Amino acid sequence: MKGKLITLLLVLTVTLGVQSQKKLPNITLKNLNGKEVLSSDLSNDGRPMIISFWATWCKPCLSELSAFNDEYEDWVEETGVKIIAISIDDARTNARVKSMVLGNDWPFEVYLDPNQDFKRALNIVNVPHTLVLNGKGEVVWEHSTYNPGNEQEVINQVRHLVNNQ
C-alpha cells in the first residue's frame, strides 16, 4: 500500500510539473513602430527566451534590464537566448518607452502591452516579472522583483535548458 501511494504521488508530481509549463497566450502587442504582433508568435527558433515585463516608471525594472544589457552579448553567444522586454506602460507613459529603449541602447525586442492584457493573461501581478521559456515556447521558470545579482539566476535557468536539450 505504501509503495502504491508513493508511486501515485510521484505520478501526480510529474503530471503537475508538466501542466505548469504554460504556453504564451494569443494577445495582440505592438512593437515600437506601432506594428501589431501576436504574443503567441514570439519565438527564438527553438532556443530559450527571456521575457521581462517592465515599465518606464519602475526603477527595479530599469535596473534589471540594464543588468541584462550588460550581459546580453555574452549570453547570446553562450546560449543563443533572446530577451524580449514587454512594457506595461499605459497611454499616459508609453510615449516614453521608445526614447528610453533607444537612450539605453537596449538590443532586445521590445513590445508594448498598454492595456496589460498579456500581463493579466499570464497572471502577473507586479513588475519587474521575468519569465524563462524553453525552445518550445513554454514558460518553465518565472521570478518577480529584482535585486542585483538576480540576472545570474535567470541565465542559470537558461543554461540548464540549453545543457539538457
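Residues numbered from 1 in each chain as written. Predicted model: local features only at pLDDT ≥ 70, side-chain atom pairs only at ≥ 80, totals over all residues. Heavy atoms only, no water.

> Could you clarify how one ought to interpret the confidence of the model for the chain in this entry?
Any segment with low pLDDT has predicted coordinates that should not be analysed in fine detail. Averaged over all residues, the pLDDT of the chain is 89; the fraction at 70 or higher stands at 87%. In the predicted structure, residues 5-19 sits below a pLDDT of 50 and forms 0 contacts with residues beyond four places in sequence or in another chain. (pLDDT = per-residue confidence, 0-100. Contact = heavy atoms within 4.5 Å.)

> Can you walk me through the pattern of salt bridges in this structure?
Two side chains with opposite charge may pair up if their charged atoms get near one another. Taken as a whole, this structure holds 5 salt bridges when the rule is applied. Among the salt bridges present, the one from Glu109 reaches Lys82, with a minimum N-O distance of 2.9 Å. With a gap of 27 residues between them, Glu109 in strand 6 (residues 109-112) and Lys82 in strand 5 (residues 82-87) connect regions that are remote in the sequence. Since its relative accessible area comes to 27%, Glu109 is described here as partly exposed. Arg120 serves as the salt-bridge partner of Asp117, at 2.8 Å between the closest nitrogen and oxygen. A residue pair is termed a helical-turn pair when its members lie 3 or 4 positions apart in one helix, as Asp117 and Arg120 do in helix 4 (residues 117-121) at 3 residues. Residue Asp117 is classed as partly exposed on the basis of its relative accessible area of 33%. (Salt bridge = Lys/Arg side-chain N within 4 Å of Asp/Glu carboxyl O. Helix = DSSP H or I, 4+ residues; strand = E, 2+ residues; numbered from the N terminus. Buried < 20%, exposed > 50% of the residue type's maximum accessible area, 1.4 Å probe, protein only.)

> Honestly, the packing of aromatic side chains in this entry has me stumped. Any pointers?
We describe a pair of aromatic rings using the distance from one ring centre to the other and the angle between the two ring planes. On inspection of all chains with the given rule, the structure shows 5 aromatic pairs. Both rings, one in Trp54 and one in Trp106, keep their centres 5.3 Å apart while their planes meet at 85 degrees; by these two values the pair is edge-to-face. Linking Trp54 in strand 4 (residues 49-54) with Trp106 in the loop between helix 3 (95-104) and strand 6, this pair joins segments that are 52 residues apart in sequence. According to the relative accessible area criterion, Trp54 is buried, its value standing at 0%. Residue classification places Trp106 among the buried residues on the basis of a relative accessible area of 8%. Connected via pairs of aromatic rings, a cluster forms that spans Trp54, Tyr72, Trp106 and Phe108. (Phe/Tyr/Trp six-rings, centres within 6.5 Å; stacked < 30°, edge-to-face > 60°.)

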